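Take a look at the letters that make up each chain.
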Number of protein chains: 2
Amino acid sequence: MNGHDLAMALRGAYLAMHRRTDALMTPFGVTADQFVVLCALAEGDALTQRELVIRTSSDPSTSRAMLVLLERRQLIERRPHPTDGRARTVSLTVEGKRIHRDLWRKSEAFRKELLADLAQDDVASLVSHLRRLTSAMEEDHPGFASTPERRPVDRTI
Amino acid sequence: MNGHDLAMALRGAYLAMHRRTDALMTPFGVTADQFVVLCALAEGDALTQRELVIRTSSDPSTSRAMLVLLERRQLIERRPHPTDGRARTVSLTVEGKRIHRDLWRKSEAFRKELLADLAQDDVASLVSHLRRLTSAMEEDHPGFASTPERRPVDRTI
DNA sequence: TATTGTTATACTCTATAACTATA
DNA sequence: TATAGTTATAGAGTATAACAATA
């Protein structure tokens, strides 16, 4: 079992998950990646774009393109940051919250399925291994995304 | 530690890996996803497109688009399948083999990095968990890809 | 000087649906 | 009838580089 096997297993799992999620979300006109953004905003409203980029393991340009699409559909809104003139804060609209709640519910069974074959301990160790992998890969190669661990929300807003 | 945490950890790890791999390959004009195709062909030459789709966790349309690009760059070639008139077999060209070998070497350190923080047992269990996850997600949702496990090569060719 | 975000641009990947040809 | 692959089409996501405004 070598590095390539691990890489391919990771790829297979991610793509399978992405496809299943897309299939689940598409009827609502939301992609799997957009759902990730909605979730990040539901967990920490009024994030800056920079913070959102970090939490969604994305990059500023990609993230912005997605925000423009979501804004056009009025699922999110962006406002000037009250204390940092450079920044903008992103929030779910009422409709965005509704859609997120709906999709969250619709995807509950799938998340359960994810856990079905795994013992509690296995899940914990799987997640911790994946996070460690991520940190290792990002070390000294920061790009714009970093480990999507829960961080204290910016309460200066 | 719930299903969403697992999903986000999987996403974070995959995207980090994909970025690092892309960064490594781009100077050679090959994307991370194209490298996956080259690897699949290096492991099992003269695969049918269908077989390649399975091994790369892809779908026929995406796979074809990639093959067209790789064919244009003369890294692969497609021939009619000798016994099945519907099928085509895909192989690396000499140049394709060279590029694959080069890129494989260039990415060796990265694969080592992947394994660095993990004990042998951890790698094995991580891979097996990821594969189990993949199978679970694909069960009754076959799409076109399935678990990319090593299969006997078609020797009717 | 560094950071936040925008713009322009380009390209790959992704996928569906309708199709042809062969098994 | 089912399978292998193609075509047309569309859109999303991805990323780089140059830029403006603010910290």
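Attention in this report is confined to the structure presented alongside it. (Residues numbered from 1 in each chain as written. Chains lettered and ligands numbered in written order. Predicted model: local features only at pLDDT ≥ 70, side-chain atom pairs only at ≥ 80, totals over all residues. Heavy atoms only, no water.)

Residue-level contacts link 54 residues of chain A with 54 residues of chain B. Carbon and sulfur atoms make up 68% of the area that chain A and chain B hide from each other, which totals about 5,200 Å². At the junction of chain A and chain B, the tally comes to 2 salt bridges. Two residues, Arg11(B) and Asp33(A), come together in a salt bridge whose shortest N-O distance is 2.9 Å. Summed over the shared surface of chain A and chain B, the result is 12 residue pairs in polar contact (both at pLDDT 80 or more). Of all the secondary structure elements, the ones that give two or more residues to the side of chain A that touches chain B are helix H1 (3-25), helix H2 (32-43), helix H6 (108-116) and helix H7 (120-138) of chain A. Looking at the side of chain A that touches chain B, the element that brings in the most residues is H1(A), giving 17 residues. Its residues placed into classes, the side of chain A that touches chain B shows 28 nonpolar, 11 polar and 15 charged. (Contact = heavy atoms within 4.5 Å. Buried area = accessible area lost by both parts, 1.4 Å probe. Salt bridge = Lys/Arg side-chain N within 4 Å of Asp/Glu carboxyl O. Polar contact = N/O pair within 3.5 Å; in protein donor to acceptor, adjacent residues only side chain to side chain. Helix = DSSP H or I, 4+ residues; strand = E, 2+ residues; numbered from the N terminus. Nonpolar A, V, L, I, M, F, W, Y, C, P; charged D, E, K, R; others polar.)

Attention now goes to the side chain of Thr56(A). Checked against the element boundaries, Thr56(A) lands in the loop between helix H3 (49-55) and helix H4 (60-72). Relative accessible area serves as the criterion here: at 2%, Thr56(A) is assigned to the buried category. Among the polar contacts made by the side chain of Thr56(A), one reaches the main-chain carbonyl oxygen of Leu52(A) at a distance of 2.8 Å. Beyond its immediate chain neighbours, meaning those up to four positions away, Thr56(A) contacts Val36(A), Val37(A), Ala40(A), Arg11(B) and Leu15(B). (Buried < 20%, exposed > 50% of the residue type's maximum accessible area, 1.4 Å probe, protein only.)

In this section: the sheet that holds strand E1 (residues 47-48) of chain A. Residues and elements named next belong to chain A. Pairing is antiparallel across the open sheet formed by 3 strands, whose spatial order is E1-E3-E2. Pairing within the sheet leaves two strands with one partner each, and these edge strands are E1 and strand E2 (76-80). Strands in contact with H4 are E2 and strand E3 (88-92); relative to E2, the strand with the most contacts, it is inclined by about 115 degrees. (Pairing = 2+ DSSP bridges. Axes fitted to C-alpha atoms, helices over the stretch in contact; angles between N-to-C directions.)

Now for the pairing of E3(A). Residues and elements named next belong to chain A. Among the 5 residues in E3, 4 count as buried, and that is most of the element. Bridge count between E1 and E3: 2 bridges; the pairing is antiparallel. Note that in E3 the partner of leucine 47 across the bridge is valine 90.

With that out of the way, let us pick up the pattern of salt bridges. Residues and elements named next belong to chain A. Tallied over the full model, the rule gives 20 salt bridges over all chains. Linking arginine 78 and glutamate 71 is a salt bridge whose minimum nitrogen-to-oxygen distance equals 2.9 Å. For arginine 78, a relative accessible area of 13% corresponds to the buried category. What emerges from the salt-bridge pattern is a single network uniting Glu95, Arg98, Asp102 and Arg105.

Once that is clear, we can look at the protein's contact with DNA strand D. Near DNA strand D lie 23 residues; those nearest to it are Thr31(A), Ser61(A), Arg50(B), Arg64(B) and Arg88(B). In this structure, a sugar or linking oxygen belonging to DNA strand D sits 3.5 Å away from a side-chain N or O atom of Arg86(A). Note that a phosphate oxygen of DNA strand D is positioned 3.0 Å from one of the side-chain N or O atoms of Arg78(B). Breaking the surface near DNA strand D down by element, the ones donating at least two residues are H2 and H4 of chain A together with helix H3 (49-55) and helix H4 (60-72) of chain B. When grouped by side-chain class, the residues that make up the surface near DNA strand D number 4 nonpolar, 9 polar and 10 charged. (Near = heavy atom within 4 Å.)

Attention now moves to the nonpolar core. Generally speaking, nonpolar side chains in soluble globular proteins are found buried as a group. Judged by nonpolar contacts, the single largest core of 40 residues is most densely connected at Leu130(A) and Leu130(B). Those elements giving two or more residues to this core turn out to be H1, H6 and H7 of chain A together with helix H1 (3-25), helix H6 (108-116) and helix H7 (120-138) of chain B. With residues near it in sequence (within four places) discarded, Leu130(B) still touches Leu6(A), Ala9(A), Leu10(A), Ala13(A) and Leu10(B). (Core = buried A, V, L, I, M, F, W, Y, C linked by side-chain atoms within 4.5 Å.)

All names here are of chain B. Within the fold, glycine 85 resides in the loop between strand E2 (76-80) and strand E3 (88-92). Glycine 85 gets classed as exposed once you look at its relative accessible area, which sits at 80%. Separated by 41 residues in the primary sequence, glycine 85 and leucine 126 place their C-alpha atoms 41 Å from one another.

Within the structure, DNA strand C sits among 23 residues, and Arg50(A), Arg64(A), Arg88(A), Thr31(B) and Ser61(B) are positioned closest to it. When atoms of DNA strand C within 4 Å of the protein are sorted by moiety, sugar and phosphate together comprise 75%. Separating a phosphate oxygen of DNA strand C from a side-chain N or O atom of Gln49(A) is a distance of 2.9 Å. Here a base oxygen of DNA strand C and a side-chain polar atom of Arg86(A) are 3.0 Å apart. Of all the secondary structure elements, the ones that give two or more residues to the surface near DNA strand C are H3 and H4 of chain A together with helix H2 (32-43) and H4 of chain B. Considering every element that reaches the surface near DNA strand C, the biggest residue donor is H4(B), with 5 residues. Along the lines of polarity and charge, the residues of the surface near DNA strand C split into 4 nonpolar, 9 polar and 10 charged.

By themselves, these are just geometric observations and shouldn't be taken as functional.
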